[in-house]
Amino acid sequence: MFKLFESFTQAFPKNEPQRPPDTLWAFCRHYTSGYEKPLLVMALMSTTIAIIEVSLFGFMGQLVDWLSSSNPETFFQDNRNTLIGLSLLLLIGMPILVSVYSMLIHQTMLGNYPMSIRWLAHRYLLKQSLSFYQDEFAGRIATKVMQTALAVRETVMKTLDVFVYVAVYFTAMLVMLAQADWRLMMPMLLWLVAYIAIQVRFVPKLKKISAEQADARSTMTGRIVDSYTNIATVKLFSHSRRETQYAEEGMEGFLDTVYRQMRLVTGFNIWVEIANYLLVFSIAAISIYLWMHSAISVGAIAIAISLALRINGMSKWIMWEVGGLFENMGTVVDGMKTLSQPISIEDKPGARELNVPKGGIEFNDVSFHYGENKGVINHLNLHIKPGEKVGLVGRSGAGKSTLVNLLLRFHDVESGEIRIDGQNIKGVTQDSLRRQIGMVTQDTSLLHRSIRDNILYSHPDASEADLLRATRQAHAHEFIETLTDPYGNVGYDAQVGERGVKLSGGQRQRIAISRVLLKDAPLLVMDEATSALDSEVEAAIQESLNQLMKSKTVIAIAHRLSTIAAMDRLIVLDQGRIVEQGSHQQLIEQNGIYAQLWAHQTGGFIGCDETEGEVA
């Protein structure tokens, strides 16, 4: 039965995620697609339960009148059918109704609904450009995905379930009291007006503070995750105390919103309690007055006072539900700012798959900059022939990594175009573009998974033989077999830790090279591919890299010029322009920038690449 109800909705919808709207109800409606029917059934069942519960109060009053005027010996015989019907309702009907209602909520909605939101939001965010993630804490984004999913669920379900139930319940109460005597209805109406006034005063303030609290919570989480992610840097500079202070500032910001929220909640609670006790007193006083004047029966008094006491308890529940609703609305509004951001780099409608039969690359009059005076590429023209090996050289900030990022379409050119075998990369899918490019970066980051998973990431369908061939070519097989982790995994099944922290820089680089060797893409980009290796291992791997480069078009960035001196052509960049190009010997003879850099080096490095705005 549980599995049946769990199958009514999809936790992982197959439809392609679209950008969600940036208004509250449209945002909630967007993520409610596929859940309309169970939500409607839930609201209808809520209505039915509310009507039955109020009717039971009415029957209780009727029962009091029967008992006060009936003969005990003939009571059951006189009211047999009514009593049997009520017994069947209480013992069979209501348990079945409540069971179905409970399974609809807990099995069909509470689990699958927020998971489908997380699933769609996560898939949408994976399409975001690199700049989106460079502007945010990873932990902050993850927190917003998690808490926004729950907040959307609570917002929609409380609106359709709780408030339908409450509206029907109150309406039925007023009708029942009016049937006994219209004067019994007046205190309830006055209480309702006062209750709504209290809600109007406090709830918007709670909504506002809840939005601030959601943002403060994600900031606090982001700061903590940032410290954990960069724990090696924290310890290297002995900044545990500074990180503690950094986290404390985030926690204090969050706690400030909690204090302000709790002050509002306390005031809210006090005013509701005052209204509740005035209601109970008024109902009791009027009931006694009307009974003394023979206007109502004892049963009517029982109904009126029971409903007043019921309202006393319900009002606190409603208060928290309304407060919770607006808190969740605030959380949704906060999460919306992140989750509904447009994707800056998207495939064009009808984009084709990139086909690379040869491997020629053309940069035609390309211009791009990250911001004012940052990472500028100015009207650059560069044609790389199929199979040509090109080295990019230049001082820090010259535009080398920017050029590579534009080729990978991590950013779009502002003017000009980039073509691969005559195909404008803006007209092909990003996935097909990046499938055709293998890249080894200077700062190798591995996934917190096994060695095997990290290497197969470039070619998930590769055979075990292909995997071992790639690791042996990269001289990684030997050290991989010696690895272990705290979970008892060894060798290729050992976990590498977050960002590969359990491996040395040279080991991470060899894993990265193994990954690119296994991918075997026709275009190869190397950004200081051997920078983290010692001389002995570098010499051994260089042979494998030379073998890998034979049938590929290669762009290599190097600070250590000796590693690219043998390339077919060297391109010297300065302030986003090509200022020199030619072979190593030709550039030495020109006695320009390259010759100066070569003269300054004794096997060392030029310096860190690119400006602050660029991505290495």
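Residues numbered from 1 in each chain as written. Predicted model: local features only at pLDDT ≥ 70, side-chain atom pairs only at ≥ 80, totals over all residues. Heavy atoms only, no water.

Summarise the UniProt feature "transmembrane region" (unreviewed entry) in the chain; cite the residues concerned and give the values.
Here, UniProt's "transmembrane region" (unreviewed entry) annotation points to residues 39-63, 83-105, 162-178, 184-203, 270-289 and 295-311. Each end of residues 184-203 is marked by a C-alpha atom, and these two atoms are 29 Å apart; helix forms 100% of the span and strand 0%. (UniProt positions renumbered as here; feature names shortened; annotations may be inferred. Helix = DSSP H or I, 4+ residues; strand = E, 2+ residues; numbered from the N terminus.)

Run through the packing of helix α9 (residues 182-229) against helix α11 (residues 240-292), naming residues and quoting values.
Axis separation between α9 and α11 bottoms out at 9 Å; the angle between their running directions is 170 degrees. Of the possible angle classes, the one that applies to α9 and α11 is roughly antiparallel. By residue class, the composition of the contact of α9 with α11 is 28 nonpolar, 12 polar and eight charged. (Axes fitted to C-alpha atoms, helices over the stretch in contact; angles between N-to-C directions. Parallel < 35°, antiparallel > 145°, perpendicular 65-115°, else oblique. Nonpolar A, V, L, I, M, F, W, Y, C, P; charged D, E, K, R; others polar.)

Which residues make up empty space enclosed by the protein, and what values go with them?
Under the definition given, this model contains three cavities of 30 Å³ or more. Of the voids in this model, the second largest cavity is the one considered here, and its volume is about 50 Å³. Together, L206, V265, F268, M319, W320, G323, G324 and E327 line the second largest cavity. Those elements that place two or more of their residues in the lining of the second largest cavity are α11 and α12 (298-339). No other element matches α12, which puts five residues into the lining of the second largest cavity. Along the lines of polarity and charge, the residues of the lining of the second largest cavity split into five nonpolar, two polar and one charged. (1 Å grid on protein atoms, 1.4 Å probe; cavity = no way out; pocket = protein on both sides within 12 Å on 5 of 7 lines; lining within 4 Å. Points joined across faces, edges and corners; volume = space filled by probe spheres on them.)

Can you break down the environment of K426 residue by residue, with the values?
Along the chain, K426 turns up in the loop between β5 (423-424) and α14 (430-435). Taking relative accessible area as the criterion, K426 reaches 27% and is therefore assigned partly exposed. Aside from chain neighbours lying at most four places away, what touches K426 is K348, R409, D412 and V413. (Buried < 20%, exposed > 50% of the residue type's maximum accessible area, 1.4 Å probe, protein only. Contact = heavy atoms within 4.5 Å.)

Go over the nonpolar core with me, naming the residues and quoting the values.
With 81 residues, the main nonpolar core has Y113, V152, Y169 and F268 as its most contacted residues. Where this core is concerned, the elements lending two or more residues are α2 (24-30), α3 (36-69), α5 (80-110), α6 (112-125), α8 (138-180), α9, α11 and α12. Formed by 44 residues, the second largest nonpolar core is a distinct cluster that contains L446, V516, L561 and V572. (Core = buried A, V, L, I, M, F, W, Y, C linked by side-chain atoms within 4.5 Å.)

Residue-level account of the pattern of salt bridges, with values.
Within this structure, the stated rule accounts for 19 salt bridges. K127 is the partner of E16 in a salt bridge, and the nearest nitrogen-oxygen pair spans 2.7 Å. With E16 in the loop between α1 (2-6) and α2 and K127 in the loop between α6 and α7 (130-134), the pair connects residues that are 111 residues apart, well separated along the chain. You can call E16 partly exposed: its relative accessible area is 46%. With relative accessibility at 33%, the residue K127 sits in the partly exposed group. Salt bridges sharing partners connect three or more residues here, namely K208, E212, D256 and R260. (Salt bridge = Lys/Arg side-chain N within 4 Å of Asp/Glu carboxyl O.)

Just give me the short version of the packing of aromatic side chains, but keep the residues and values in it.
In this structure the tally under the stated criterion is eight aromatic pairs. Ring plane angle 90 degrees and centroid distance 5.4 Å describe the contact between F12 and W119, whose orientation is recorded as edge-to-face. Taken together, the residues F12 in the loop between α1 and α2 and W119 in helix α6 connect sequence positions 107 residues apart. Taking the ring centre of F202 as reference, the NZ or CZ of R201 above it sits at 5.8 Å. (Phe/Tyr/Trp six-rings, centres within 6.5 Å; stacked < 30°, edge-to-face > 60°. Lys NZ or Arg CZ within 6 Å of the ring centre and 35° of its normal.)

Give a detailed account of a nonpolar patch on the surface, specifying residues and quantitative values.
Together, F76, I84, L88, L90, L91, I92, I96 and V100 make up an exposed nonpolar region whose accessible area comes to about 750 Å². On the basis of relative accessible area, I92 is assigned to the partly exposed category, the value being 47%. (Patch = residues over 30% accessible without salt bridge, like charges linked within 9 Å, V, L, I, M, F, W, Y side chains within 5 Å. Areas by Shrake-Rupley, 256 points an atom, 1.4 Å probe, with all protein chains shown as cover.)

Hey, could you go over the sheet that holds strand β6 (residues 437-440) for me, with residue numbers and the actual values?
Pairing is mixed across the open sheet formed by six strands, whose spatial order is β6-β7-β8-β3-β9-β10. In this open sheet, the two edge strands, each paired with only one partner strand, are β6 and β10 (577-582). On average, each strand axis in the sheet is inclined to that of its neighbour by 20 degrees, with strand direction left out of account. Against the sheet, helix α18 (residues 505-519) touches β6 and β7 (523-527), its axis set at about 170 degrees to β6. Strands in contact with helix α21 (residues 593-600) are β3 (389-394), β9 (569-574) and β10; relative to β9, the strand with the most contacts, it is inclined by about 95 degrees. (Pairing = 2+ DSSP bridges.)

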